[in-house]
Amino acid sequence: MTDTAAKAEQRTGRDETEEERADRMWGELIQEIRVAQTGVQILFGFLLTVVFTPRYADLQHVDQVIYIVTVVLGACATGALIGPVSLHRLVSGRRVKPQAVQWASRLTFVGLLLLLATMTASLLLILRVATHDEFVPYLVAGVFTWYALCWFVLPLWTRRRYTTS
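The written sequence of each chain sets the order in which its residues are numbered from 1. Owing to the predicted nature of the model, reporting of local features is limited to residues with pLDDT of at least 70; listing and counting of side-chain atom pairs is limited to 80 or more, with chain, interface and lining totals taken over all residues. Remark: hydrogens and water are excluded; side-chain values derive from all non-hydrogen atoms of the structure.

A. Up close: a nonpolar patch on the surface. Patches draw on residues past 30% relative accessible area with no salt bridge. Two like charges within 9 Å are joined, as are two nonpolar side chains (Val, Leu, Ile, Met, Phe, Trp, Tyr) within 5 Å. Note on areas: Shrake-Rupley with a 1.4 Å probe; residue coverage comes only from the protein chains shown. Each salt bridge in this description consists of a side-chain nitrogen of Lys or Arg and a carboxyl oxygen of Asp or Glu lying within 4 Å of one another. A contiguous nonpolar patch, built from Phe135, Tyr138 and Leu139 and spanning about 350 Å² of accessible area, is present on the exposed surface. To qualify as a helix, a DSSP run of H or I must reach at least 4 residues; to qualify as a strand, a run of E must reach at least 2; elements of each kind are numbered from the N terminus. With respect to the helices and strands, the residue Leu139 is situated in helix α5 (residues 136-162).

In structure tokens form, the structure reads like this:
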């Protein structure tokens, strides 16, 4: 094996400049945001209509509070997940893409946390209204745990297990 072939075989990662890496990471981040953003916007749109239904007035006070908290969480999640697009638009061409990617990534992570809270609160409200059973908090806790495992624990475990940095 030649020296060049050995170096090519040993090389890990990508051979890209900071700007190329930022471009690639931006493209990947936008794809991720599209998935989360679509879900949160559909959920938020649905939540906005609930207050205008005749049944809303019949909800117990605690359920109305859960609803209001859920709507606010959904609005915040929507803002955090749309934020990277606005950030990119306002700093585009200013030669700060690596920093923009870093901030957009943080906003996306916050958006995912807020989406987790929104979905959990929505599920709690729906199951409380639909069933009035004592098992609802346990079921919601189970679903919350599932989301946390899928969205955070498995990715963090994978990162720790298979990367060196």
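B. View of the packing of aromatic side chains. Only centres within 6.5 Å qualify two rings of Phe, Tyr or Trp (six-membered ring in Trp) as a pair; their planes then separate them into stacked at under 30 degrees, edge-to-face at over 60, and tilted for everything else. The final tally for this structure, using the stated rule, is five aromatic pairs. Ring centres of Tyr147 and Trp151 lie 5.1 Å apart, and the angle between their planes is 15°; this geometry places the pair in the stacked category. One end of the pair, Tyr147, and the other, Trp151, are both in helix α5, four residues apart, so they sit about a helical turn from each other. Centroid distance Trp151 to Phe152: 6.4 Å. Interplanar angle 70°. Geometry classified as edge-to-face. Burial classification: accessible surface area is computed with a 1.4 Å probe over protein chains only, and a residue below 20% of its type maximum counts as buried, one above 50% as exposed, and the rest as partly exposed. Here Trp151 falls in the partly exposed class, since its relative accessible area comes to 27%. Overall, Phe152 belongs to the buried group, its relative accessible area being 12%. An aromatic cluster of at least three residues, connected via ring pairs, comprises Phe109, Tyr147, Trp151 and Phe152.

In short, geometric facts, not functional conclusions.
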